[in-house]
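Working through the structure, step by step
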Amino acid sequence: MGSTSTSSSSKISCFQCEETSSSFDHFRNGWRLRSGEFAQLCPRCASIYEEGKFCEAFHSNDDGWRDCESCGKLVHCGCIVSFNAYLLLDFGGVICMECSRINFALARSRCLFLEGQPDITRQTVIEPQYRPRSSEVEVQQISRNFDCVVTPLFEKLLSATDADLKLARLIIPKKCAEAFFPDISEPRGFLLKIQDTEGMDWDFNYRYWINGGSKMYILEGLRDFMISKRWQAGDTDHT
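First, a word on what this report is: a plain description of the structure on this page. Since this is a predicted model, take the numbers as computed values, not measurements.

For the rest of this paragraph, the subject is the nonpolar core. Of all hydrophobic cores here, the largest spans 22 residues; its most connected members are I172, F181, Y206 and L219. Within the residue set of this core, elements represented by two or more residues are β10 (169-172), α6 (174-180), β12 (201-211), β13 (214-220) and α7 (223-229). Counting residues per element, this core draws most heavily on β12, at four residues. Apart from the residues within four sequence positions on either side, I172 is in contact with F154, A177, F181, Y217, I218 and L219. Among the nonpolar cores identified, the runner-up in size contains 16 residues, and I12, L33, L41 and C55 belong to it.

Structural data, given as structure tokens:
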């Protein structure tokens, strides 16, 4: 890699490709050097740098490449050129600045949305085994996919009955059903449209029956969904 220099004839060279010119206006500022000055780049190298593709173009064989934990994009870590192109995550790994800005906007929208809604997760006491355990990165990824605010409600470890294709139904925990699902007054229930995390819509029948004097809530007609998701006993259903 070259360096910014001035010859006896007052020519300046591009920091990267060492193209020379006697006109300072021919060059554009790149990244800030340790000296405090900016690396001077020729129009071609400057354009690549401004497009965010400098390391991809010139440092592809160097060490230090990591995957963005959110989108999977490769980021060149430890390089002064891409110093402002990523952030270190608290739990390890890195996230590119584009994903960081998107996730921040989604998180802010989520907070504003929740501020205007009844705090159902606090009003409803959910048994510990049903509390959502999705990571913030997982939730933000789903939110980015749908360009909307996603709030996990509960999780359930699938029992052998839940994963039985012959029954093709899911038993919803009573408190979760009464807190998060539509009100239901008739045992025969009604059709409920649910969208999965891949954007596909499914029509299930939501109903209840009386068991020991208490309502038991279920979703029926899940056979195609169960086959599509390859449900197995012990898997976790996220809602």
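Attention shifts here to the packing of aromatic side chains. Tallied over the entire structure, the rule returns 12 aromatic pairs. Here F225 and W231 contribute two aromatic rings whose centre-to-centre distance is 5.5 Å and whose plane-to-plane angle is 90 degrees, an arrangement assigned as edge-to-face. A relative accessible area of 12% means that F225 is categorised as buried. The class of W231 is buried, set by a relative accessible area of 11%. Through pairs of rings, three or more aromatic residues link up here, namely F15, W31, Y49, F54 and F58. Geometry around Y208 places K215 over its ring, the cationic atom sitting 4.5 Å from the centre.

For a regular strand, side-chain orientation follows a simple rule: the groups alternate between the two sheet faces. The pairing of strand β11 (residues 190-195) with β12 spans six bridges and is classified as antiparallel. Each bridged residue has a counterpart across the sheet, and for L192 the counterpart in β12 is F204. Adjacent in sequence and paired antiparallel, β11 and β12 are bridged by five residues, among which G199 carries a positive phi angle near 90 degrees.

Evaluation of the coordinates by the stated rule reveals six salt bridges. Note that K156 and D162 form a salt bridge whose closest N and O atoms lie 2.9 Å from each other. Judged by its relative accessible area of 10%, K156 is buried. Taking the relative accessible area as the measure of exposure, D162 reaches 0% and is therefore buried. The closest approach of N and O atoms between E178 and K174, which form a salt bridge, is 3.0 Å.

Turning our eyes to something else, we now look at the sheet that holds β12. Spatially, the four strands line up as an open sheet ordered β10-β13-β12-β11, and their pairing is antiparallel. Since the sheet does not close on itself, it has two edges, and those belong to β10 and β11, each with one partner. Strand-to-strand twist in this sheet, taken as the mean axis angle between neighbours without regard to direction, amounts to 35 degrees.

Below, the discussion takes up the side chain of D162. Residue placement: D162 occurs in the loop between β9 (155-157) and β10. Engagement of the side chain of D162 in a polar contact is seen with the side chain of S159, the distance being 3.1 Å. Setting aside its immediate chain neighbours within four residues, D162 contacts K156, L157, R169, L170, I171, M226 and W231.

Once that is clear, we can look at helix α1 (residues 43-50). Among the residues making up α1, those that are buried are C45, A46 and I48. In an axial view of α1, the angular spread of the buried residues amounts to 160 degrees, which keeps them on one side of the axis. G52 occupies a position one or two residues after α1 and carries a positive phi of about 75 degrees.

A separate point is the environment of D63. Within the fold, D63 resides in the loop between α2 (54-58) and β5 (65-67). Judged by relative accessible area, D63 falls into the exposed class, the value being 71%. Distance in space between the C-alpha atoms of D63 and H76 is 8.0 Å, their sequence separation being 13 residues.

Here four bridges tie β10 to β13, and the two strands are oriented antiparallel to one another. From the neighbouring strand, I171 faces β13, where its bridge partner is I218. As paired strands, β12 and β13 are joined by seven bridges and run antiparallel to one another. Among the inter-strand pairings, I210 is bridged to a residue of β13, identified as K215. Remark: two residues form the turn of the hairpin made by β12 and β13, two consecutive strands paired antiparallel; G212 in that turn has positive phi of roughly 65 degrees.

Cut-offs used in this document
- Residues numbered from 1 in each chain as written.
- Predicted model: local features only at pLDDT ≥ 70, side-chain atom pairs only at ≥ 80, totals over all residues.
- Heavy atoms only, no water.
- Core = buried A, V, L, I, M, F, W, Y, C linked by side-chain atoms within 4.5 Å.
- Buried < 20%, exposed > 50% of the residue type's maximum accessible area, 1.4 Å probe, protein only.
- Helix = DSSP H or I, 4+ residues; strand = E, 2+ residues; numbered from the N terminus.
- Contact = heavy atoms within 4.5 Å.
- Phe/Tyr/Trp six-rings, centres within 6.5 Å; stacked < 30°, edge-to-face > 60°.
- Lys NZ or Arg CZ within 6 Å of the ring centre and 35° of its normal.
- Pairing = 2+ DSSP bridges.
- Salt bridge = Lys/Arg side-chain N within 4 Å of Asp/Glu carboxyl O.
- Axes fitted to C-alpha atoms, helices over the stretch in contact; angles between N-to-C directions.
- Polar contact = N/O pair within 3.5 Å; in protein donor to acceptor, adjacent residues only side chain to side chain.
- Arc of directions from axis to C-beta.

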